[in-house]
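# Coordinate analysis (summary)
Here's the letter readout for the chains.
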Amino acid sequence: MQVLIVMGSDSDIDQMLPAVDVLKELEVPVRVVVASAHRSPDRVVTLAREARGAGVGVVLAGAGGAAHLAGVIAAHTTLPVVAVPIAIGTLGGVDALLSAVQMPGGVPIASVGIGGARNAGFFAAAILSASDPALASRLEAFRTKQAAKVAEADARVQTKLAGRQS
Ligand code: RP5
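Quick summary incoming for the structure in this document.

Thresholds applied
Residues numbered from 1 in each chain as written. Predicted model: local features only at pLDDT ≥ 70, side-chain atom pairs only at ≥ 80, totals over all residues. Heavy atoms only, no water. Helix = DSSP H or I, 4+ residues; strand = E, 2+ residues; numbered from the N terminus. Expected span 1.5 Å × (residues − 1). Buried < 20%, exposed > 50% of the residue type's maximum accessible area, 1.4 Å probe, protein only. Contact = heavy atoms within 4.5 Å. Near = heavy atom within 4 Å. Polar contact = N/O pair within 3.5 Å; in protein donor to acceptor, adjacent residues only side chain to side chain. Nonpolar A, V, L, I, M, F, W, Y, C, P; charged D, E, K, R; others polar. Pairing = 2+ DSSP bridges. Right-handed = clockwise from strand over helix to strand, strands pointing away. Core = buried A, V, L, I, M, F, W, Y, C linked by side-chain atoms within 4.5 Å. Phe/Tyr/Trp six-rings, centres within 6.5 Å; stacked < 30°, edge-to-face > 60°. Patch = residues over 30% accessible without salt bridge, like charges linked within 9 Å, V, L, I, M, F, W, Y side chains within 5 Å. Areas by Shrake-Rupley, 256 points an atom, 1.4 Å probe, with all protein chains shown as cover. Salt bridge = Lys/Arg side-chain N within 4 Å of Asp/Glu carboxyl O. Axes fitted to C-alpha atoms, helices over the stretch in contact; angles between N-to-C directions.

Helical geometry: 3.6 residues make up each α-helical turn, so side chains three or four residues apart lie on a common side. Between its first and last C-alpha, helix α6 (residues 133-160) extends 41 Å over 28 residues, near the 40 Å set by a 1.5 Å rise per residue. Buried within α6 we find L135, L139 and F142. In this structure, the buried residues of α6 make contact with α1 (13-25) and α5 (117-129).

Before going further, it helps to spend a moment on the site of the ligand. The ligand sits among G8, S9, S11, D12, R39, A63, G64 and I88. Measuring from an oxygen atom of the ligand, one finds a side-chain N or O atom of S11 at 2.6 Å. In this structure, an oxygen atom belonging to the ligand sits 2.7 Å away from a side-chain N or O atom of R39. Looking at the shell around the ligand residue by residue, the classes come out as 2 nonpolar, 4 polar and 2 charged.

Attention now moves to unusual backbone geometry. Here the phi dihedral of E27 falls at roughly 60 degrees; this positive angle occurs in a residue that is not glycine. On the accessibility criterion, E27 (56% relative accessible area) is exposed.

Sheet analysis places strand β1 (residues 2-7) next to strand β2 (residues 30-34), joined by 5 bridges and oriented parallel. Bridge pairing links V6 to V33 in β2. In the classification by handedness, the crossover that spans β1, the intervening α1 and the parallel β2 is right-handed.

Among the nonpolar cores identified, the biggest contains 25 residues, and V3, I5, L23, L26 and L60 are the most heavily contacted of them. The set of elements that each furnish at least two residues to this core consists of β1, α1, β3 (56-64), β4 (81-86), α5 and α6. Ranked by the residues each element gives to this core, the list is headed by α5, at 6 residues. A35, A37, A48 and A70 belong to the second-largest nonpolar core, a separate cluster that totals 24 residues.

Next up on the list: the packing of aromatic side chains. In this structure the tally under the stated criterion is 1 aromatic pair. With a centroid separation of 4.5 Å and 35 degrees between ring planes, the pair formed by F122 and F142 is classed as tilted. One end of the pair, F122, is in helix α5; the other, F142, is in helix α6, and 20 residues separate them in sequence. Residue F122 is classed as buried on the basis of its relative accessible area, which comes to 12%.

Residues L91, V94, L98, V101 and I114 make up a contiguous nonpolar surface patch of about 430 Å² in total accessible area. Here I114 lies in the loop between β5 (110-111) and α5.

Moving on to the sheet that holds β5. Sheet architecture is open: 5 strands sit in the order β2-β1-β3-β4-β5, paired in parallel fashion. In the strand order of this sheet, the two ends are held by β2 and β5, each with one partner. The pairing of β1 with β3 spans 6 bridges and is parallel. Across the sheet, the residue bridging to I5 is L60, located in β3. Relative to the sheet, helix α2 (residues 41-51) contacts β1, β2 and β3, its axis offset from that of β2 by approximately 160 degrees. Along the sheet face, α5 touches β1, β3, β4 and β5 and points at about 165 degrees away from the line of β3.

See below:
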């Protein structure tokens, strides 16, 4: 199954790229499009309505400011939608985060933290892994590698601290 990544503007691309990279690393097919809930609402509705039929399993929606993209997509599909609040402007992404986490009952979306595209990629993969054992194994392998890096970091710190701990 594919992950559809929608962003409200091409200015969001740098903050959304980590999601693309994570999903590529996990061998999850991705389609990335720009569509704005405010500036191109018809395009957003069409994308959302056609997503399931197009083989999409999860939608990631990155937007900043008055970020209605994820919510509007969720209004037009029953697929899981994950918001990525983009850090822009005076409020630095708090506005987008609050827009995402205050959805009306019956139309839920999930949200990662501000600028959390990397985790959105992992979360999308985790959702798809529920019905894809090969993807579950790749996620497991990533976690094992990640834990090994923490052990290496600890070893470096222990070396640096040698003789300074009681
Ligand atoms: C949002 O408005 C977009 O997702 C973007 O984060 C923000 C600013 O868009 P631009 O003015 O840079 O196109 O809808």
